[in-house]
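Each chain, letter by letter, is given below.
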Amino acid sequence: MSQVSQAPVTTPDGVADPTAPTAYSEVKGWFSTYDQVLFDWFLGRQNDDAEKPGDLLELGAFLGKSAIFLGRYLRPGEELTVCDLFDSPAVDDSNLEENRSSYPTLTRRGFEVNYMAFHAALPTVIQAPTSVVAERVRPGSCRFIHVDASHLFEHVVTDIASSRIVGAPGAVVVFDDYRSEHCPGVAAAVWSAVVTGELRPICVSASKLYATWGDPAPHQAELLAWLEGRADLWHGIDTIAGRPLVRIGNQGAVPPEPPQPLRPAPVAAPAPGPVRRPGARWRRLAKDLLPPVVTRRIVAARRRRH
């Protein structure tokens, strides 16, 4: 089943959802500081090229941490699409077990609440297996694709093939968990596409492989020039299947400014001060400044009036 949504998220009575995060750091997910730096560089570089518009796509959204980040780079007329099963039934037993063990708290509602805390409108949401992406997303339309869905080999192979169909010329495709010990299926699928297919790596971080279906050389040339000026990232160059690959490591990377929520965090009310009776300040001044005999007469007169 596929569902597309563009409506704001509110509680049933129409008010802003009180569970929405009030800071980007409150959004649960896995998105390292220096991958945020790299996303910012690739997307910012694309945004500087006004002659090459294109949509953004994410396969596997979890609770929206990277989708929220991607949404900042949309230009007028562009679209962000996310595809995830969320809380729909899995397509096979292996996928069902994967979802139960890795994403037990994942719901579409949770994603939408988080995203709408930072953006005025939802992205296009396809609630379905990622295998439908090649049919639902316009061919050759996406300039940046983030693949972080199923870790099962067969599913990743399909996601790789879909990225080629929907990717625009020179599109950047990012694969998460390409080397993690808990998901060897991702590594097998991605490196097979590199060695025997036409997927061209640009660079790798500890968690993600950045690649393209086109020529990686222009990306790498500008990336290396940029890295020379970054003391918070180290880099080196390896050769894989006869092609250069830039390796990037973290040396205390300074992240870009995080997405800011539309609803500011509540400000705590000041603690209440001591309760003072009317006239308390006058009595203190009288005691300090007037002769005792005058003070006694004034107090006695006030008592007679009351």
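This structure is a prediction, so every number in the text was calculated from the model and none was measured.

Caption draft 1: Looking closely at the overall build of the chain. Along its length, the chain carries 10 helices and 9 strands. Here the chain, with 306 residues, has 48% of them falling under the buried criterion. The contacts in the chain between residues at least 6 apart in sequence include a share of 72% that link residues at least 24 apart. Accessible area for the chain stands at about 16,100 Å²; split by element, carbon and sulfur atoms hold 56% of it.

Caption draft 2: Quick peek at the pattern of salt bridges. Enumeration according to the criterion identifies 8 salt bridges in this entry. The partner of R230 in a salt bridge is D232, and the shortest N-O contact between them spans 2.8 Å. Under the relative-accessibility criterion, R230 is labelled partly exposed at 22%. Looking at D232, the relative accessible area reads 10%, which means it is buried. Across the pair R247 and D238 runs a salt bridge, and its minimum N-O distance is 3.3 Å. Within this structure, R75, E78 and R143 form a network of salt bridges that share partners.

Caption draft 3: Representation of the pairing of strand β4 (residues 142–147). Here β4 lies mainly inside the structure; 6 of its 6 residues are buried. Bridge count between β4 and strand β5 (residues 167–176): 5 bridges; the pairing is parallel. Opposite F144, over in β5, you have V172 as the bridge partner. Once you follow β4 into helix α6 (residues 153–166) and on to β5, the crossover reads as right-handed.

Caption draft 4: Looking closely at the packing of α6 against helix α7 (residues 184–195). Here α6 crosses α7 at 35 degrees, and the two axes come no closer than 8 Å. As α6 packs across α7, the resulting crossing turns out to be right-handed. Contacts between α6 and α7 involve F153, V156, V157 and I160 on the former and, on the latter, G185, V186, A188, A189, V190 and A193. In terms of residue class, the contact of α6 with α7 is built from 9 nonpolar, 1 polar and no charged.

Each value, and the rule that gives it
Residues numbered from 1 in each chain as written. Predicted model: local features only at pLDDT ≥ 70, side-chain atom pairs only at ≥ 80, totals over all residues. Heavy atoms only, no water. Helix = DSSP H or I, 4+ residues; strand = E, 2+ residues; numbered from the N terminus. Buried < 20%, exposed > 50% of the residue type's maximum accessible area, 1.4 Å probe, protein only. Contact = heavy atoms within 4.5 Å. Areas by Shrake-Rupley, 256 points an atom, 1.4 Å probe, with all protein chains shown as cover. Salt bridge = Lys/Arg side-chain N within 4 Å of Asp/Glu carboxyl O. Pairing = 2+ DSSP bridges. Right-handed = clockwise from strand over helix to strand, strands pointing away. Axes fitted to C-alpha atoms, helices over the stretch in contact; angles between N-to-C directions. Left-handed = near helix turned anticlockwise from the far one by under 90°. Nonpolar A, V, L, I, M, F, W, Y, C, P; charged D, E, K, R; others polar.

Read these as spatial facts, not as claims about activity.
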